[in-house]
Amino acid sequence: QVSLVESGGGLVQAGGSLRLSCAASGSIFRTNSKLGWYRQTPGKQRELVAEITSGDVSKYADSVKGRFTISRDNAKNTVYLQMNSLLPEDTAVYYCNARVGIGAVYTYWGQGTQVTVSS
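Here the structure is a predicted model, which means the values were calculated and not measured. (Residues numbered from 1 in each chain as written. Predicted model: local features only at pLDDT ≥ 70, side-chain atom pairs only at ≥ 80, totals over all residues. Heavy atoms only, no water.)

1. Some points on the packing of aromatic side chains
And step 1. If you walk through the whole model with that rule in mind, you get 1 aromatic pair.
And step 2. Directly above the aromatic system of Tyr95 lies the positively charged group of Arg46, at a separation of 3.8 Å from the ring centroid.
And step 3. Lying over the aromatic face of Trp109, Arg46 brings its terminal NZ or CZ to 4.7 Å of the ring centre. (Phe/Tyr/Trp six-rings, centres within 6.5 Å; stacked < 30°, edge-to-face > 60°. Lys NZ or Arg CZ within 6 Å of the ring centre and 35° of its normal.)

So this is what it looks like as structure tokens:
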């Protein structure tokens with residue numbers, strides 16, 4: 001089985017920074033993969049925050065552009081989300097997502113990590 005484990009969440013004041021990490025139990029990041037970070041708050045749809053392809057092409061939600069940076073380290077089977085200039089609106093549970101494969105595609109989700117930004 002493949003598991004994704006997020007870490008790095010916590011409580012931070014507005015304007016502060018956090019770095020989230022997501023580590024895979026296997027070497028799935030060495031395969032053809034697209035990695036992403038999503039977030040969800042009560043009563044809201046889970047939304048894509050950032051994603052990065054195997055070719056290191058990334059995209060971001062408009063609400064986080066210029067503040068968040070996604071990166072990956074295939075050797076460590078880890079994807080990161082650097083979050084700067086945090087706002088209270090960024091408060092959410094953040095989920096790691098991985099899609100791997102070319103023909104048959106498999107999707108994996110982490111259990112989530114809480115990020116709380118106070119003002």
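Here the narrative resumes.
2. Section: the side chain of Arg39
And step 1. For Arg39, the location among the structural elements is in strand β4 (residues 33-40).
And step 2. Side-chain polar atoms of Arg39 contact the side chain of Asp90, separated by 3.0 Å.
And step 3. Engagement of the side chain of Arg39 in a polar contact is seen with the side chain of Tyr94, the distance being 2.9 Å.
And step 4. Apart from the residues within four sequence positions on either side, Arg39 is in contact with Gln45, Arg46, Glu47, Val49, Ser63, Val64, Phe68, Glu89, Asp90, Ala92, Val93 and Tyr94. (Helix = DSSP H or I, 4+ residues; strand = E, 2+ residues; numbered from the N terminus. Polar contact = N/O pair within 3.5 Å; in protein donor to acceptor, adjacent residues only side chain to side chain. Contact = heavy atoms within 4.5 Å.)

3. A short note on the state of the cysteines
And step 1. Counting across every chain of the model gives 1 disulfide.
And step 2. Covalently, Cys22 is tied to Cys96 through a disulfide, its sulfur atoms 2.1 Å apart. In this structure the cystine formed by Cys22 and Cys96 twists about its S-S bond by roughly -85 degrees; its chirality is therefore left-handed. With a gap of 74 residues between them, Cys22 in strand β3 (residues 18-24) and Cys96 in strand β9 (residues 92-100) connect regions that are remote in the sequence.
And step 3. The exposure class of Cys96 is buried, given its relative accessible area of 0%. (Disulfide = S-S within 2.5 Å. Buried < 20%, exposed > 50% of the residue type's maximum accessible area, 1.4 Å probe, protein only.)

4. Considering the nonpolar core
And step 1. Counting residues in hydrophobic clusters, the biggest one holds 28 residues, and the most contacted among them are Trp37, Val79, Leu81, Met83 and Tyr94.
And step 2. When contributions to this core are tallied by element, the ones reaching two or more residues are β3, β4, β5 (47-52), β7 (68-73), β8 (78-83), β9 and β11 (113-118). (Core = buried A, V, L, I, M, F, W, Y, C linked by side-chain atoms within 4.5 Å.)

5. Let's talk about the environment of Gln82
And step 1. The residue Gln82 is located in strand β8 in this model.
And step 2. Note: C-alpha distance between Gln82 and Gly9 (73 residues apart in sequence) is 11 Å.
And step 3. Discounting chain neighbours no more than four positions away, the residues touching Gln82 are Ser17, Leu18, Arg19, Arg67, Phe68 and Thr69.
And step 4. A polar atom in the side chain of Gln82 sits 3.0 Å from the side chain of Asn84.

6. Comments concerning the sheet that holds strand β1 (residues 4-7)
The pairing of strands in a sheet comes from backbone hydrogen bonds and takes either a parallel or an antiparallel form.
And step 1. Taken in spatial order, the 4 strands of this open sheet run β1-β3-β8-β7, and their pairing is antiparallel. The sheet is open, and its two edges are formed by β1 and β7, each paired on a single side. Neighbour to neighbour, the strand axes of the sheet diverge by 15 degrees on average, direction disregarded.
And step 2. With 4 bridges joining them, β1 and β3 adopt antiparallel strand pairing. What sits directly across from Glu6, in β3, is Cys22. (Pairing = 2+ DSSP bridges. Axes fitted to C-alpha atoms, helices over the stretch in contact; angles between N-to-C directions.)

Just geometry here; none of it tells us what the structure is for.
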